[in-house]
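Results of the structural survey
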Amino acid sequence: MKNILKWPSLMLVLLLTLVISGCNTGGDSSSGSGGSGDNTSEAKGTIEQIKERGKLIAGVKYDTKLFGLKDPASGEVEGFDIDIAKALAKQILGDETKVELKEVTSKTRIPLLQNGDIDIIIATMTITDERKEQVDFSDVYFEAGQSLLVKNDSDITGLESLGGVKVLAVKGSTSAQNIREKAPDAEVLEFDNYQDAFTALKAGKGEALTTDNIILIGMQQTDNNYKLVGGNFTSEPYGMAIRKGDSAFVSEVNSLLKSMQDSGEYDTLHEKWLGAKPE
């Protein structure tokens, strides 16, 4: 009789255990969906996030003279791209100082954007079909072209001179891809950023450095022992990159570019950093 009475008690305990476990599992599940629910901040759109935060976070280069270069003495980052970022902050927040500049490289900029670490990439980024699969782009805001930087006494005159030559480039750039296609007999060495690549060129680790002409001009301005050769052998249209699907932010950025062009502000910036108004 005692054994018979134990079974209902055991069954009751088991049922209570299952109910409690079910409640706990439900709690964990809702906590998990709450975590993914935090991603609704992304669904708000970048503009709303910027306004709530009170600042624009722009991914820019720190090693590219004329477009984005950090002064080691002052810590200030200056350049054409930097002034574009300030103008965008002013349009959205009414104050050009409400911008945080976060360093990116050609290799890190898309992951930083996709992870939400930055709101926008303004970093000498060429618009390509491959990149369009990962990000959305603004209208073109600068037209560049790939070229070669060599010592003044170099015999290299262009792509036809690169057979067996060590050519320096930057990881994650279209320049590295292009030079392999256009000069297949060259040996391409890649570096993390432009400063490292230029330092390697000066140290004799390569005979030519390749990237966009306007970036090479910036290097040449810091050391007149180098020259550009070979002309421009690609077209490199720069665009600002935005997270995929954020059409409202794309429209906002394109609106900025149009207003800058209409007002003459774009020409002023172009002349300030590049020495002349755009053709």
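Conventions used here
Residues numbered from 1 in each chain as written. Predicted model: local features only at pLDDT ≥ 70, side-chain atom pairs only at ≥ 80, totals over all residues. Heavy atoms only, no water. Axes fitted to C-alpha atoms, helices over the stretch in contact; angles between N-to-C directions. Helix = DSSP H or I, 4+ residues; strand = E, 2+ residues; numbered from the N terminus. Parallel < 35°, antiparallel > 145°, perpendicular 65-115°, else oblique. Contact = heavy atoms within 4.5 Å. Nonpolar A, V, L, I, M, F, W, Y, C, P; charged D, E, K, R; others polar. pLDDT = per-residue confidence, 0-100. Buried < 20%, exposed > 50% of the residue type's maximum accessible area, 1.4 Å probe, protein only. Pairing = 2+ DSSP bridges. Right-handed = clockwise from strand over helix to strand, strands pointing away. Salt bridge = Lys/Arg side-chain N within 4 Å of Asp/Glu carboxyl O.

Take the packing of helix α4 (residues 80-93) against helix α10 (residues 247-263) next. Contact geometry of α4 with α10 gives a least axis separation of 10 Å together with a crossing angle of 110 degrees. Of the possible angle classes, the one that applies to α4 and α10 is roughly perpendicular. Counting all contacts with α4, which are made through Ile84, Ala87, Leu88, Gln91 and Ile92, the residues of α10 involved are Phe249, Glu252, Val253, Ser255, Leu256, Ser259 and Met260. Its residues assigned to classes, the contact of α4 with α10 shows 8 nonpolar, 3 polar and 1 charged.

A word on the confidence of the model for the chain. Model confidence for the chain is summarised by a mean pLDDT of 88, while 85% of its residues fall at 70 or above. In the predicted structure, residues 1-42 sits below a pLDDT of 50 and forms 2 contacts with residues beyond four places in sequence or in another chain.

Burial analysis of strand β10 (residues 166-170) places 4 of its 5 residues in the buried class, which makes it a mostly covered element. With 5 bridges joining them, β10 and strand β11 (residues 187-191) adopt parallel strand pairing. Note that in β11 the partner of Ala169 across the bridge is Glu190. Following the backbone out of β10, through helix α7 (residues 174-182) and into the adjacent parallel β11, one traces a crossover that is right-handed. Here β10 pairs with strand β12 (residues 208-212) via 2 bridges, running parallel. Following the sheet pairing, Val167 is matched in β12 by Ala208.

As for its position among the elements, Tyr226 is in strand β13 (residues 226-229). Sequence spacing of Tyr226 and Leu149 is 77 residues, and the spatial spacing of their C-alpha atoms is 6.5 Å.

Moving on to the sheet that holds β12. Read across the open sheet, the 5 strands follow the order β11-β10-β12-β9-β13; overall the sheet is mixed. Only two strands of the sheet have a single partner each, and these edge strands are β11 and β13. Put simply, the sheet's adjacent strands are angled 35 degrees from each other on average, direction ignored. Sheet analysis places strand β9 (residues 146-151) next to β13, joined by 4 bridges and oriented antiparallel. Within β13, the residue paired with Leu149 across the bridge is Leu228. Its contacts with the sheet put helix α8 (residues 194-202) on β9, β10, β11, β12 and β13, and the angle it makes with β10 is roughly 160 degrees.

A separate point is the sheet that holds strand β4 (residues 77-78). Strand order in this open sheet of 3 strands is β2-β3-β4, and the pairing throughout is antiparallel. Edge positions in the sheet fall to β2 (63-64) and β4, since each has one partner strand and no second. Pairing geometry for strand β3 (residues 68-70) and β4, over 2 bridges, is antiparallel. Directly across from Lys70, in β4, lies its bridge partner Val77.

For the coordinates displayed, the defined rule picks out 7 salt bridges. Residue Glu100 pairs with Lys55 through a salt bridge whose shortest N-O separation is 2.5 Å. One end of the pair, Glu100, is in strand β5 (residues 99-103); the other, Lys55, is in the loop between α3 (46-53) and β1 (56-60), and 45 residues separate them in sequence. Residue Glu100 is classed as partly exposed on the basis of its relative accessible area of 26%. The shortest N-O distance in the salt bridge between Asp192 and Lys171 comes to 3.2 Å. Residue Asp192 is found in the loop between β11 and α8, and its partner Lys171 is found in the loop between β10 and α7; the two are separated by 21 residues along the sequence. Judged by its relative accessible area of 40%, Asp192 falls in the partly exposed class.

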